[in-house]
Structure formats: structure tokens, C-alpha cells
Amino acid sequence: LPDPDDAAWYQPVKAAVKRYGREKFIIGSCQCSIFETSWYLHGLEDTLCDMIADEEYAGALFDKVMHFPLRAGLNLIDSGVDMVWLGDDVATQRGMLISLDLWRKLLKPRYAAIFAALRERRPNIAIAYHSCGNCEEILDDMVEIGLDVLNPIQPLSMDPSYIKRRYGKRLTLFGAIDVQKLLPFGAPEEIRLAVRDAKSALGEGGGYILSPAHHIQSDTSLDNIRAFYEEALR
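The following refers to the structure shown. (Residues numbered from 1 in each chain as written. Predicted model: local features only at pLDDT ≥ 70, side-chain atom pairs only at ≥ 80, totals over all residues. Heavy atoms only, no water.)

### Quick notes on the overall build of the protein
Turning to step 1, where the next piece is worked out: Each helix and strand in the protein was counted, giving 11 helices and 6 strands.
Turning to step 2, where the next piece is worked out: For 234 residues, the compact-globule formula gives about 17 Å, and the C-alpha radius of gyration of the protein, at 18 Å, lands near that figure.
Turning to step 3, where the next piece is worked out: On the principal axes, the C-alpha backbone points of the protein span a range of 55 × 40 × 35 Å.
Turning to step 4, where the next piece is worked out: The burial tally for the protein puts 47% of its 234 residues in the buried class.
Turning to step 5, where the next piece is worked out: Partitioning the intrachain contacts of the protein with sequence separation of at least 6 by distance along the chain shows that 71% fall at a separation of at least 24. (Helix = DSSP H or I, 4+ residues; strand = E, 2+ residues; numbered from the N terminus. Rg over C-alpha atoms; globule rule 2.2 N^0.38 Å. Buried < 20%, exposed > 50% of the residue type's maximum accessible area, 1.4 Å probe, protein only. Contact = heavy atoms within 4.5 Å.)

### Thoughts on unusual backbone geometry
Turning to step 1, where the next piece is worked out: Here N151 and P152 are connected by a cis peptide whose omega angle stands at 5°.
Turning to step 2, where the next piece is worked out: One non-glycine residue, C32, lies in the positive phi region at around 60°.
Turning to step 3, where the next piece is worked out: Position of C32 relative to the elements: it lies in the loop between β1 (27–31) and α2 (35–42).
Turning to step 4, where the next piece is worked out: A positive phi angle, close to 50°, is found at I153, a residue other than glycine.
Turning to step 5, where the next piece is worked out: According to the relative accessible area criterion, I153 is buried, its value standing at 2%.

### Structural notes on the pairing of strand β2 (residues 83–87)
Turning to step 1, where the next piece is worked out: Across the 5 residues of β2, 5 count as buried, placing the element largely inside the fold.
Turning to step 2, where the next piece is worked out: Burial along β2 is two-sided: M83, W85 and G87 facing one way and V84 and L86 facing the other are all buried.
Turning to step 3, where the next piece is worked out: Bridge count between β1 and β2: 5 bridges; the pairing is parallel. Bridge pairing in β2 links C30 to L86.
Turning to step 4, where the next piece is worked out: The pairing of β2 with strand β3 (residues 126–130) spans 5 bridges and is classified as parallel. When the bridges of β3 are listed, L86 appears paired with Y129. (Pairing = 2+ DSSP bridges.)

### A look at the packing of helix α3 (residues 44–53) against helix α4 (residues 55–79)
Turning to step 1, where the next piece is worked out: α4 packs onto α3 with a crossing angle of 120° between their chain directions and a minimal axis gap of 6 Å. It follows from the interaxial angle that α3 and α4 lie oblique. Note on element contacts: α4 touches α3 through E55, Y57, A58 and F62, opposite T47, D50, M51 and A53.
Turning to step 2, where the next piece is worked out: Residues of the contact of α3 with α4, tallied by class, amount to 5 nonpolar, 1 polar and 2 charged. (Axes fitted to C-alpha atoms, helices over the stretch in contact; angles between N-to-C directions. Parallel < 35°, antiparallel > 145°, perpendicular 65-115°, else oblique. Nonpolar A, V, L, I, M, F, W, Y, C, P; charged D, E, K, R; others polar.)

### Some words on the packing of aromatic side chains
Turning to step 1, where the next piece is worked out: Overall, the coordinates contain 6 aromatic pairs when judged by the stated rule.
Turning to step 2, where the next piece is worked out: Pairing W85 with F174 gives two aromatic rings, centres 5.2 Å apart and planes at 35°, and the pair type is tilted. A residue pair is termed long-range when its members are at least 10 positions apart, and W85 in strand β2 and F174 in strand β5 (residues 172–177) qualify at 89 residues.
Turning to step 3, where the next piece is worked out: Seen from their ring centres, W103 and Y111 are 6.2 Å apart, and the 35° between their planes marks the pair as tilted. (Phe/Tyr/Trp six-rings, centres within 6.5 Å; stacked < 30°, edge-to-face > 60°.)

Right, dumping it as C-alpha cells:
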């Protein structure tokens, strides 16, 4: 694996913090933290099978992989970031990719270890987590181990208003503007309306980072992108 303590990785981060840190909130990304990088290396089917049939191997793989985001997160904190962003896509459009019991057994303790190490380095560091799809099943557990920010609240998989009602006092929500249908295929006024609704419903009482639910894709017109930004900035 690459050396997560190689100082060269963090020179651009330090430069960004020096240039923008007084006026911008700087996020250090350590996404694909455990599960995703593991199956990128080992194959999705093999990794899922090993989680059930060869737990010793799966655990050893996860421990080796998680060393990088753990150390990188600490180095990002030392470089001056305001938030460390972790993440693994553990859900499909309809629900979890793996059972809750399996997630709790093999992934939750490792996320908890990373969160604890980051908080030990800087108690007030903000910690974010990304999973596409419907990951509602793990949210109580993620709050329990210290999650601050949830991304992306994919609106065709989860109900953002429900997530706000249930978790709005415990989690900052980040995302929720649909990139699957609304941004590429909606009319500019539909996009403006969705942004107004998100600001009203999800922004009530604070705790909302207005954002598309993922990167804006190349099938989205400039007019629609402009409509999002103009309404967001009102």
C-alpha cells in the first residue's frame, strides 16, 4: 500500500489551508475507507463471500486497508482541515448491500476505531461519512460512534425530510438535491423549486449543507447548473 505518512501527499492540503482556511471550510477526503477499497483490490463477489465464509481473511484485509485512511485522516487534521470525510458505498438504491448484523460485526468497530483516533487527535474535528443508496439502517449506529455529517441523502433512495425529522438534531445533512433525474432532466424552474424546498425543510434550525447528492454529471445542462447555483445563493 502507499505510505499514508508520506509528507508529499499533504503539501497541497497545507497550501489550500494556508490560502483559503480563513474564509473557507476545508474538507479532507478519505473516502473508500474500508469496504470499497477492499473490494476494489479483492473483487466484490470474493469480498462479500469472505465476509461470510472466511471472516478471518476479510478482517485482516479490512484492517490492512483501514490503516491508510486512519493515518491519512490524522495527517489531514495536522495539516489544518476542518472536517475529515470518510465513506464506503454499503447500500443499494433500495437498501443495504450487506446485512446489518454483518455490518455491525465487521465494519462498525473499524469505523469506530477511526473516529476515535481522529477525535483523540483533535476533539472538535468534524467527521463526515458518505454512502450512496439507502443506508438508513446504519444511521443510529453511526451516530452512536460519533458521526457528525451524513452525505449524500440520495433523494430517490431516502426521504430527506424524514431523515431531517429523525436525525436533524444529531446529524448535519449534506446533499439531497437529486442528480439522477432532477438535475439532468428537470426544467430550471423545477430545480429552483427543489432547492427552495430543501433550504426550507432541511435547513430549518440549521444543520444542512446545500449540495447536489453527488457530483453533477456530464448529462446536466449549463442552464440547469446555473439554476441550482442561482437559487442556492439567494
